[in-house]
Amino acid sequence: MLAYILRRLLLIIPTLFGIMVVNFAIVQVAPGGPIDQVIAQIRGAGGGGEGREDEDRGGMDLREAGEEEGREQTGQDKQDAA
């Protein structure tokens, strides 16, 4: 019984490593980042039905400077430079 428990505990290591590798690969392959998702939701292209594209957003037009500031705050500007 002790051998069985020890074997199961040792199998946790490669299982967690495999999960981390798959998760890393999915995150790296997925397009966009958190800032791009927020911008898409504000513009109405989020796919979640949060509004229509022809709807007036009340002056929520995002400028390039605002997008850059958001990328700097989340650290994505360093990621893009690499």
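As the structure is a prediction and not an experimental result, all values here were calculated from the model.

S.K.: Help me understand the overall build of the protein chain, please; the structure alone is not making it clear to me.
M.R.: Across its full length, the protein chain holds four helices and zero strands. Expressed as a percentage of its 82 residues, the buried residues of the protein chain come to 10%.

S.K.: Where do I start with the confidence of the model for the protein chain in this structure?
M.R.: Parts of the model with low pLDDT should not have their predicted coordinates read in detail. Per-chain confidence: the protein chain averages 77 in pLDDT, with 70% of residues scoring 70 or above. Across the protein chain, the element-wise mean pLDDT spans from 67 in helix α4 (residues 76–81) up to 95 in helix α1 (residues 2–29). Counting interchain partners and residues more than four positions distant, the pLDDT-below-50 stretch residues 50–59 has ten contacts.

S.K.: How do you make sense of a nonpolar patch on the surface when you look at a structure like this?
M.R.: Taken together, the side chains of Met 1, Tyr 4, Ile 5, Leu 9, Ile 12, Leu 16 and Ile 19 make up a nonpolar region of the molecular surface, amounting to roughly 740 Å² of accessible area. Note that Ile 12 resides in helix α1.

Definitions and limits used
- Residues numbered from 1 in each chain as written.
- Predicted model: local features only at pLDDT ≥ 70, side-chain atom pairs only at ≥ 80, totals over all residues.
- Heavy atoms only, no water.
- Helix = DSSP H or I, 4+ residues; strand = E, 2+ residues; numbered from the N terminus.
- Buried < 20%, exposed > 50% of the residue type's maximum accessible area, 1.4 Å probe, protein only.
- pLDDT = per-residue confidence, 0-100.
- Contact = heavy atoms within 4.5 Å.
- Patch = residues over 30% accessible without salt bridge, like charges linked within 9 Å, V, L, I, M, F, W, Y side chains within 5 Å.
- Areas by Shrake-Rupley, 256 points an atom, 1.4 Å probe, with all protein chains shown as cover.
- Salt bridge = Lys/Arg side-chain N within 4 Å of Asp/Glu carboxyl O.

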